[in-house]
Amino acid sequence: MALASSLLDSVLAGRSDRVTHVEVIAKRSASTAPWPAWVDPVVREKFGAVGVRELWSHQAEAADLAWQGRSVVVATGTASGKSVAYLLPALTAARASGTSLYLAPTKALAADQARALGALGVPDVFTAILDGDTPIQARDAARDHAHYLLTNPDMLHRSILPRHHRWARFLRALRFVVVDECHMYRGVFGSHVAQVLRRLRRVCAQHGSEPVWVLASATTSDPDRSAQRLTGVNITAVEMDGSPAGRKRFALWDPPVESKGGEHGAPVRRSTLAEAADVTTDLVAGGARTVTFVRSRRAAETVAAMTRHKLDTVAPDVRDRVAAYRGGYLPEERRDLEHALHTGELRALAATTALELGVDVSGLDSVIIAGWPGTRASLWQQAGRAGRSGADALAVLIARDDPLDQYFVHHPEAIFGTPAEATVLDPDNPYVLGPHLCAAAQEVPLTDADLALFGPAAPEVVASLDRQRLLRRRAVGWHWVGRGWAADLADLRGSAGAVIHLVEEETGRLLGTVDPGQAHTTVHAGAVYVHQGETYLVERLDLDEDVAFVRPDTVDYTTIARDVTELRIVEVDQHEPLGAGTLHFGTVDVSNQVVGYLKRRIGSGEFLGDEELDLPPRELRTKAVWWTLSDDRIPVAATDTPGAAHAAEHAAIGLLPLVATCDRWDIGGLSSAVHADTGLLTVFVYDGHAGGAGFAERGYAKAAEWLTATRDAIVDCGCPDGCPSCVQSPKCGNGNEPLHKAGAVALLGELVGPPP
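Owing to the predicted nature of the structure, the values given are computational and were not obtained by experimental measurement. (Residues numbered from 1 in each chain as written. Predicted model: local features only at pLDDT ≥ 70, side-chain atom pairs only at ≥ 80, totals over all residues. Heavy atoms only, no water.)

1. A few points about the pattern of salt bridges
Side chains that differ in charge, positive against negative, can pair when their charged atoms come close.
Step number 1: Evaluated as defined, the whole model comprises 38 salt bridges.
Step number 2: One continuous salt-bridge network, built from bridges that share partners, spans Asp 17, Arg 18, Arg 270, Glu 275, Asp 278 and Lys 310. (Salt bridge = Lys/Arg side-chain N within 4 Å of Asp/Glu carboxyl O.)

2. Some thoughts on unusual backbone geometry
Step number 1: Here Glu 737 and Pro 738 are connected by a cis peptide whose omega angle stands at -10 degrees.
Step number 2: Position of Pro 738 relative to the elements: it lies in the loop between α23 (703-716) and α24 (741-752).
Step number 3: Positive phi, normally seen in glycine, also occurs at Glu 181, with a value near 50 degrees.
Step number 4: Looking at where Glu 181 falls in the secondary structure, it is placed in the loop between β8 (174-179) and α9 (187-206).
Step number 5: You can call Glu 181 buried: its relative accessible area is 4%.
Step number 6: At Arg 469, a position not held by glycine, the phi torsion is positive, near 60 degrees.
Step number 7: Within the secondary structure, Arg 469 is located in the loop between α19 (458-467) and β19 (471-474). (Helix = DSSP H or I, 4+ residues; strand = E, 2+ residues; numbered from the N terminus. Buried < 20%, exposed > 50% of the residue type's maximum accessible area, 1.4 Å probe, protein only.)

3. A short note on the packing of helix α15 (residues 403-410) against helix α21 (residues 641-655)
Step number 1: Two elements in contact, α15 and α21, have axes whose closest approach is 7 Å; the angle formed by their N-to-C orientations is 60 degrees. Considering their axes alone, α15 and α21 lie oblique with respect to each other. Two secondary-structure elements touch here, α15 through Pro 403, Leu 404 and Tyr 407 and α21 through Ala 651, Gly 654 and Leu 655.
Step number 2: Counted by class, the contact of α15 with α21 contains 5 nonpolar, 1 polar and no charged residues. (Axes fitted to C-alpha atoms, helices over the stretch in contact; angles between N-to-C directions. Parallel < 35°, antiparallel > 145°, perpendicular 65-115°, else oblique. Contact = heavy atoms within 4.5 Å. Nonpolar A, V, L, I, M, F, W, Y, C, P; charged D, E, K, R; others polar.)

4. Observations regarding the packing of aromatic side chains
Step number 1: Under the counting rule described, the total for this entry stands at 13 aromatic pairs.
Step number 2: Judged by centre distance (6.0 Å) and plane angle (85 degrees), the rings of Trp 167 and Phe 170 are edge-to-face.
Step number 3: One aromatic cluster is present, built from ring pairs that chain together Trp 38, Trp 67 and Phe 176.
Step number 4: We note Arg 163 situated over the ring of Trp 485; from NZ or CZ to the ring centre the distance is 4.6 Å.
Step number 5: The ring of Trp 67 is capped by Arg 175, whose NZ or CZ atom sits 5.1 Å from the centre of that ring. (Phe/Tyr/Trp six-rings, centres within 6.5 Å; stacked < 30°, edge-to-face > 60°. Lys NZ or Arg CZ within 6 Å of the ring centre and 35° of its normal.)

5. Re the packing of helix α11 (residues 272-285) against helix α12 (residues 297-314)
Step number 1: Relative orientation of the contacting elements α11 and α12 amounts to 45 degrees, with a least axis distance of 9 Å. Viewed along their axes, α11 and α12 adopt a mutual orientation that is oblique. Crossing angle aside, the handedness with which α11 passes α12 is right-handed. Residue-level contacts link Leu 273, Ala 274, Ala 277, Asp 278, Thr 280, Thr 281, Val 284 and Ala 285 of α11 to Ala 299, Thr 302, Val 303, Met 306, Thr 307, Lys 310, Leu 311 and Val 314 of α12.
Step number 2: Of the residues contributing to the contact of α11 with α12, the split by class is 10 nonpolar, 4 polar and 2 charged. (Left-handed = near helix turned anticlockwise from the far one by under 90°.)

6. Quick notes on the sheet that holds strand β17 (residues 366-370)
Step number 1: With mixed pairing, 7 strands are arranged side by side in an open sheet as β1-β11-β18-β17-β14-β16-β15. Only two strands of the sheet have a single partner each, and these edge strands are β1 (19-25) and β15 (322-325). Neighbour to neighbour, the strand axes of the sheet diverge by 15 degrees on average, direction disregarded.
Step number 2: Summarising the sheet, β1 and strand β11 (residues 248-253) pair through 6 bridges and their orientation is antiparallel. Paired with Val 19 across the bridge in β11 is Trp 253. (Pairing = 2+ DSSP bridges.)

7. Some words on the side chain of Gln 59
Step number 1: Checked against the element boundaries, Gln 59 lands in helix α3 (residues 57-67).
Step number 2: Dropping the residues within four chain positions of it, Gln 59 is found in contact with Ser 80, Gly 81, Val 84 and Ala 85.

8. Description of the nonpolar core
Step number 1: Counting 77 residues, the largest nonpolar core has Leu 397, Trp 627, Leu 656 and Trp 706 as its most contacted members.
Step number 2: If you tally residues by element for this core, the top one is α21, at 8 residues.
Step number 3: For Leu 397, the residues in contact, after removing those within four places along its chain, are Phe 250, Ala 251, Leu 252, Trp 253, Ile 369, Gly 371, Trp 372, Leu 379, Val 409 and Ile 415.
Step number 4: One finds Trp 38, Ala 63, Leu 91 and Val 214 within the second-largest nonpolar core, a separate group that totals 40 residues. (Core = buried A, V, L, I, M, F, W, Y, C linked by side-chain atoms within 4.5 Å.)

9. Observations concerning the state of the cysteines
Step number 1: Enumeration according to the criterion identifies 0 disulfides in this entry.
Step number 2: Cys 723 forms no disulfide, and the closest cysteine sulfur to it belongs to Cys 717, at a distance of 3.5 Å.
Step number 3: With relative accessibility at 2%, the residue Cys 723 sits in the buried group. (Disulfide = S-S within 2.5 Å.)

The values are spatial; any link to function lies outside them.
Have a look at this one:
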């Protein structure tokens, strides 16, 4: 049921000091279109049986384009029925023995789509899932009989393409390739997927097919150009949303300042997670169904536990109907949670981005977003989970103590008056391209004519692979001559190694997994780890065996890794003046080493200790944007030059997501009063992935807009000397020392002008 307006008002009442803006998004009426004549009558009948008796205009337009053989991207709002646009042509083709391939970025989304197709029940259409949890027998049945195959880019990359001859029946008949939630394919992951899709096009041609591409996306900027960069084919965009939408109130929420006891005497805001738990509790106790989106696995566990604890007092009968949903759970745990959510057994979930996607979470009254989700596209995707089927709803964005969060809750026009970002990816990254050229050569010998398909960098990368003795040129083309499966060279998710398994030392029980890129900072010896509300201490991290051994324990503190970074400029690709300074973009080598961790008391943040660690450094060659100022242009106000540069670096990292589809955890930075390679004051921001992800390049292209917003965010913050809302960083390896807020404003003023 829909949550009554009076209850929505009561949630906001009494907290007016927290609400910086309420945007009322008006109800939208439906725009319908007739059913296309080509739709199979049985398919139309089955859609009618589940309530789809007329089509919204964007569904009919996109389906028609696809049936005519034109590749299309449907970029409309959450719950706008994008699936109908690709299912109509795909199922009509399946009734005539054609096949379709559906790609989802997560297992949960593919499983949800399979449930929907099962409920639809179109006869003579065999639907199958292929993912890491699929048994061998079911995989064989999918390969031999499936008309509509649901999988993910990882399985396409590692299973289908390397063994494409075994999939000849399916590939010969392939009519449509569906790429769902395509806005999620950004950065290094998106760059890898772009090359996987180019390999798929090449293998399809080998089997005599040329499928039509149908992509579904959240509302983004330039969806046709983004989709074309992802697939390499010409794409037509359908953006006019014909679906109905209920009235939505969207509140921007800034937690109150509770004390002045932060670093440098800075104000300390109430925890975003505590605020989110309070609002979730009020909604659940009042009968609402809600999802609270958080930014990390630990946060999901924390908010779920805090909400259950609060419900013990105000509504104990529903305290067990609140749970966490996050990555790292075992497959059976995920399936149980998804089932409970669908049946309504669960009243609320504290979830990571896995539930941001098109999983059908019907009947939700509200969404709480605990911290800026990284992009406007993700914000609207998450907010769109509430109010499905045209019902009224509430969305609340609760800011963190973070420059970007604070910027948005105090500049609502940057959310409600600005289009979503364009997706950023770089398929020409040689670290991405090389492994896929090897995989392509193993699938079918690689000819000179093929290289154009993989982009302008392909000839140079192929020559490098030849020098490395991974490819060899023979009469019919380039052949893979390395060992094993070439597909194993490419890690689509950018985790740079094997996942780390979390094992309870005493029992040997597998708790879950952690990406290798996070292992040094989250499961080092002594780290506190939370799983399903239970707290564990990491006894030891074995990087050779990819295992972290843990034991259950109850502690009153959290752990924060401390690291050191060194950076060397390899090559300058571009440079130009920026105010009194110079802006650069190019290649850098970064060395990062976790050297210890801090212990802070839960709640108060009180410092409890600093422990040393002995972990190996991690080396990274990547892309960076940086700016320099000569000594004679360093302003007098920047009395603490290292602190001023450091503060400017932190704030710039925090605000780069304003112009690029990334968040601060995708990027890193370094500042120096006198850098060894430039001899000048230098501030770097670099992509946190080998070869680059396109984020630093976007920062270079949008430097004036980016650094002006950075300057303004620091100026607008009311703290005297710097705080997490402006220049302090939660990922600083130096404990946020030194920092000079006024000096940062002065330095940025030399680049983009003084504050107005």
